[in-house]
Amino acid sequence: MIREITLQNLNTGDFIREKTGEIRSAVGSGIAINALSGGVDSSVVTMLGHLALGKQLRTVVIENGLMREGEADRVKALFSDLGVEVEVVDARQEFFAALKGITDPEEKREAITQTFYKDVFGKIVRESNAKFLLQGTILTDIDETVAGIKRQHNVFEQLGIDPQSAFGYRILEPLIQLRKEGVRKVGEAVGLPLELFARIPFPGPALAARIIGEVTPDRIETVRRATVIVEKWLRESRAFQYLAILHEDRVTGMRDGKRDFGQQIEIRCWDSLDARTASPTQLPFEILLKMAEEITTQIPGVVSVTYNIASKPPSTIEAV
Ligand code: XMP
């Protein structure tokens, strides 16, 4: 049973001291690796690892081909400003090959998990002699996975999977007692810029969690472009999270006087405190219209845009 540290009980100074101490004593004089996605959780872990281990930590961004526009380079630049050297590893081929032909949501998540931990990280770890992977699992990830709602990509032990025998390395999870708001507070305390610690959540399986049906480079590009538009219009919304989803079904549309049997984008924007429950944000209608106009004019083949008005539960925040 994991002991939750609530926001009220979180003393960031004590937390940082305790976690950096634990990381240092686990890793000793060895090497640890951490996977940085640029999300809040992995950014905070990177800073904790950096404070604890300095040069003994190797931070890598896996370019899985499923990230948002310009993400890998941006994250590298932001961390370079903080004095943390980040290496970008191109693994696009591996991920797209693993996702080819898969349409079932849980199979898709499993393919990403296996590619990430076994193939891509397994190789990096073997080549670097690292014994530890530091990662930013938080309590909400565990809750949903254990409840069988959604297999979050980063949960193993609680499912009876031993990373050491499955992948050949141990996983350290310094944020496991926290929820999102607590992570943000620690992020601010370790010196992350607002742009990083106040970021909206983004899932480990990245844009693949926002594609219904097969994940292909073309379909990723469509949802990526819709994401740029949605994030631009909703940045000031103060919502907990906002995203674009690409549907599998096509609908009849028209373009230049001709029939266009096109694709559908769904916009979701959530009010939530900790992602466990959420309700759709009551966005101004003009903003919805602006997003729809931009999406249908700028993204080839998209003829329909909808806004999700269901709450979680029974919905979930992502679509996959
Ligand atoms: P759902 O879709 O389950 O998402 O309502 C709850 C929160 O978790 C994020 N999410 C994930 N985060 N790995 C993660 O690290 C995952 O596999 C994953 N799936 C969903 C989601 O964006 C939301 O904030």
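Residues numbered from 1 in each chain as written. Predicted model: local features only at pLDDT ≥ 70, side-chain atom pairs only at ≥ 80, totals over all residues. Heavy atoms only, no water.

## Points about the domain arrangement of the chain
Step number 1: Partitioning the chain into structural domains gives domain 1 (12–197) and domain 2 (211–307).
Step number 2: The centre of domain 1, based on its C-alpha atoms, is set 28 Å off from the matching centre of domain 2.
Step number 3: At the junction of the two partners, domain 1 supplies 17 residues and domain 2 supplies 18 residues.
Step number 4: Remark: the boundary between domain 1 and domain 2 carries one salt bridge.
Step number 5: Among the salt bridges present, the one from Glu231 reaches Arg68, with a minimum N-O distance of 2.7 Å.
Step number 6: Put simply, domain 1 and domain 2 have six residue pairs in polar contact (both at pLDDT 80 or more) between them.
Step number 7: For the side of domain 1 that touches domain 2, the elements supplying multiple residues, two or more each, are α4 (92–99) and α6 (139–146).
Step number 8: For the side of domain 1 that touches domain 2, the element with the most residues is α6, which contributes three residues.
Step number 9: Tallied by class, the residues present in the side of domain 1 that touches domain 2 amount to five nonpolar, four polar and eight charged. (Domains from an automatic or database assignment. Contact = heavy atoms within 4.5 Å. Salt bridge = Lys/Arg side-chain N within 4 Å of Asp/Glu carboxyl O. Polar contact = N/O pair within 3.5 Å; in protein donor to acceptor, adjacent residues only side chain to side chain. Helix = DSSP H or I, 4+ residues; strand = E, 2+ residues; numbered from the N terminus. Nonpolar A, V, L, I, M, F, W, Y, C, P; charged D, E, K, R; others polar.)

## As for the nonpolar core
Step number 1: The biggest cluster of nonpolar side chains holds 51 residues, and the ones touching the most others in it are Ile62, Leu66 and Phe121.
Step number 2: Counting residues per element, this core draws most heavily on helix α5 (residues 105–128), at eight residues.
Step number 3: Counting the residues that make up this core, at least three belong to each of domain 1 (12–197) and domain 2 (211–307). (Core = buried A, V, L, I, M, F, W, Y, C linked by side-chain atoms within 4.5 Å. Buried < 20%, exposed > 50% of the residue type's maximum accessible area, 1.4 Å probe, protein only.)

## Quick notes on the site of the ligand
Step number 1: As a matter of local geometry, the ligand sits amid 16 residues, with Glu144, Lys150, Lys312, Ile317 and Glu318 nearest to it.
Step number 2: Between Glu144 and the ligand, the recorded distance is 2.5 Å, taken from a side-chain N or O atom to an oxygen atom.
Step number 3: One of the backbone nitrogen or oxygen atoms of Gly204 is found 3.3 Å away from a nitrogen atom of the ligand.
Step number 4: Alone, the ligand offers 490 Å² of accessible surface; in the complex the protein occludes 94% of this.
Step number 5: Across the shell around the ligand, the residue classes break down as five nonpolar, six polar and five charged. (Near = heavy atom within 4 Å. Areas by Shrake-Rupley, 256 points an atom, 1.4 Å probe, with all protein chains shown as cover.)

## Some points on the sheet that holds strand β3 (residues 86–90)
Step number 1: What the five strands build is an open sheet, ordered β3-β2-β1-β4-β5; its pairing is parallel. At either end of the open sheet lies a strand with only one pairing partner, and these are β3 and β5 (170–172). Averaged over all pairs of adjacent strands, the angle between their axes in this sheet comes to 35 degrees, without regard to strand direction.
Step number 2: In the packing of α5 onto the sheet, contacts are made with β1 (32–35), β2 (57–63), β3, β4 (132–134) and β5, and the angle to β2 comes to roughly 145 degrees. (Pairing = 2+ DSSP bridges. Axes fitted to C-alpha atoms, helices over the stretch in contact; angles between N-to-C directions.)

## What to know about the pattern of salt bridges
Step number 1: According to the stated counting rule, one finds 21 salt bridges in the structure shown.
Step number 2: Between Glu221 and Arg224 there is a salt bridge; the shortest N-O distance is 2.9 Å. Of this pair, Glu221 and Arg224 are both found in helix α10 (residues 217–234), three residues apart, which corresponds to roughly one turn of the helix.
Step number 3: Where Arg268 meets Glu266, a salt bridge forms, and the shortest distance between an N and an O atom there is 2.6 Å. You'll find Arg268 and Glu266 in the same group, each marked buried.
Step number 4: Taken together, the salt bridges that share partners define one network made up of Arg68, Glu71, Arg74, Glu195, Arg199 and Glu231.

## Side note on α5
Step number 1: Taking 1.5 Å per residue, 24 residues should reach 34 Å; α5 reaches 33 Å between its end C-alpha atoms and fits that length.
Step number 2: The sharpest bend along α5 reaches about 40 degrees and sits at Phe121.
Step number 3: Of the residues flanking the start of α5, the one acting as N-cap is Asp104, its side-chain oxygen 3.1 Å from the backbone nitrogen of Glu106.
Step number 4: Immediately beyond the C-terminal end of α5, within one or two residues, lies Asn129, with a positive phi of roughly 70 degrees. (Expected span 1.5 Å × (residues − 1). Bend = angle between axes of the 7 residues up to and from the residue.)

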